[in-house]
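Read off the chains here:
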Amino acid sequence: MLELRFIRENLDLVREKTARRGKEEQLLDTFAATDSRRLSLLAEVEGLKSTRNTVSEQIAELKKSGRGAEAEPLIADMRRANQRIKELDGELGGIEESLMGVVMAIPNLCHDSVPVGKNEEDNLQVKIWGSKPAFNFPPKPHWELGEDLGILDFERAAKLSGARFALLKGFAARLERALINFMLDLHTERHGYTEVLPPFLVNTPSMTATGQLPKFADDLFRIADHDLYLIPTAEVPVTNIHRDETLEENELPRKYTAYTPCFRAEAGSHGRDTRGLIRQHQFDKVELVQFTTPAQSEEALEGLLADAEQVLQLLGLHYRVVVLCSGDLGFSAAKTYDIEVWLPGQDCFREISSCSNFLDFQARRGSIRYRPSGQKKSRLVHTLNGSGLAVGRTLLAIMENYQQEDGTIGLPEVLLPYMQGRL
RNA sequence: GGAGAGGUGACCGAGUGGCUUAAGGUGCACGCCUGGAACGCGUGUGUACGCAAGUACCGUGAGUUCGAAUCUCACCCUCUCCGCCA
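Residues numbered from 1 in each chain as written. Chains lettered and ligands numbered in written order. Predicted model: local features only at pLDDT ≥ 70, side-chain atom pairs only at ≥ 80, totals over all residues. Heavy atoms only, no water.

Asker: Can you break down the packing of helix 5 (residues 142–149) against helix 12 (residues 391–401) residue by residue, with the values?
Answerer: It is at 9 Å that the axes of helix 5 and helix 12 come closest, and there the two elements cross at 85 degrees. Taken together, helix 5 and helix 12 sit at an angle that is classed as roughly perpendicular. Contacts from His 142, Leu 145 and Gly 146 of helix 5 reach helix 12 at Leu 396, Met 399 and Glu 400. Taken together, the residues of the contact of helix 5 with helix 12 break down into 3 nonpolar, 2 polar and 1 charged. (Axes fitted to C-alpha atoms, helices over the stretch in contact; angles between N-to-C directions. Helix = DSSP H or I, 4+ residues; strand = E, 2+ residues; numbered from the N terminus. Parallel < 35°, antiparallel > 145°, perpendicular 65-115°, else oblique. Contact = heavy atoms within 4.5 Å. Nonpolar A, V, L, I, M, F, W, Y, C, P; charged D, E, K, R; others polar.)

Asker: Can you break down the layout of surface pockets residue by residue, with the values?
Answerer: Within this model, the second largest pocket holds a volume of roughly 370 Å³. Contributing to the lining of the second largest pocket are 17 residues, with Asn 108, Leu 109, Leu 359, Asp 360 and His 382 lying nearest its centre. Elements with a minimum of two residues in the lining of the second largest pocket: helix 2 (11–20) and strand 14 (379–380). Per-class residue counts for the lining of the second largest pocket are 8 nonpolar, 3 polar and 6 charged. (1 Å grid on protein atoms, 1.4 Å probe; cavity = no way out; pocket = protein on both sides within 12 Å on 5 of 7 lines; lining within 4 Å. Points joined across faces, edges and corners; volume = space filled by probe spheres on them.)

Asker: Give me the lowdown on the sheet that holds strand 7 (residues 245–248), citing residues and values where you can.
Answerer: Pairing is mixed across the open sheet formed by 3 strands, whose spatial order is 7-13-14. Both outer strands of the open sheet, strand 7 and strand 14, are each paired with one neighbouring strand and no more. In terms of strand pairing, strand 13 (residues 368–371) meets strand 14 through 2 bridges, oriented antiparallel. Each residue of the ladder has a partner; that of Tyr 370, found in strand 14, is Arg 379. (Pairing = 2+ DSSP bridges.)

These results come straight from atomic positions and should not be treated as a statement about function.
So, in structure tokens, the structure goes:
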């Protein structure tokens, strides 16, 4: 969420930056009208309340000094004033609700280093690492490899749960677990993150702070009869650890890593990526989350990206980094790097990590602050997060990149300690 | 799920209708004192909205009242005991 006063004073800038994302410019007109209506209502009702407070004190004085009778006309006045206050408060409540609706729907401002563009075709490649592995046989997609080896079972998963679920067996299940441990060990031991294991169900305020609600409820699974949602990413519980808190400046940056399963309804993606592990309702992810001062966040994004890249480098997987253009940027993000891993079985790069700087957009929604050393006024922190990495996609990338002519799968050396040294 | 106790500022803790402008303490910041420190003394110490005056905020939401931290109702959370359970 952007600051109310900032939008009011920079209406054209916000309008222009929202337009760069290619959406919802008319929101800003609604904002302007609703905002000024709110301000005038506020002035009127606060004036009345101010009077009421003064008069109530007078009434107290009169009653105390035994002149209760003289208070009667004042009390009658206040009864009338309260009528009006009630009306205005009611109207104000309605206005504020719709204003909130508008402000919550305005996306973050994109960072000036973000290329302007319409969709993913305008994303800018900023780095490429490694090279495509050479095969002297036609490489297969992971679903064929997995079904042939009996380690990926989509049919039975469909029986259990439906489409977009997978049953991992034997080597695949073991490899999934190995990858989780490998990633967590790397980030905690070498990159300075603190490991956390958060709840996988969160409430509405948590989903609202990170930006999934109110706009994107359709993407979430909700628990019937409870104010609880299955998390679509560990970003939600981990960022919310410090919701409604004030941190000390010397505690920043704070870096957390968490393994969680992630649950996504994938509404609106019917027919896309229907085969294999690419797009599931449930998948595992190791997430990186950072809380920083405003001065630190730009550099922190580069660091977070490097931490995620390190996983692929150690696994020996060919990848590239793209910076998302304005039109492809997520709602809450000011800047996002996607890491895309090479998949020889499908002859393309696919997203395996998304690393974003949210500036104070989430911090304002969740009231996450820090106190600059020696100052009494607190400020909003900056939040960042990124996948480090999506575990399911890492698994399938290993399967496709390390496949052998006989249909078996090799292993990156760094995983051997996690796989008891063998398949 | 049942019974009981409780939720007040960064923290502890007082406060059952109007000098509460939330006492007192701890912590923290700044200043004085000191060769330097401790002790002591003094000052300050939240958030949101608003250009400001000001308004709102004592778990959340409704209500009663001229006036609510304080009274009423509902809900949420924490603790103890019981039941159930991995």
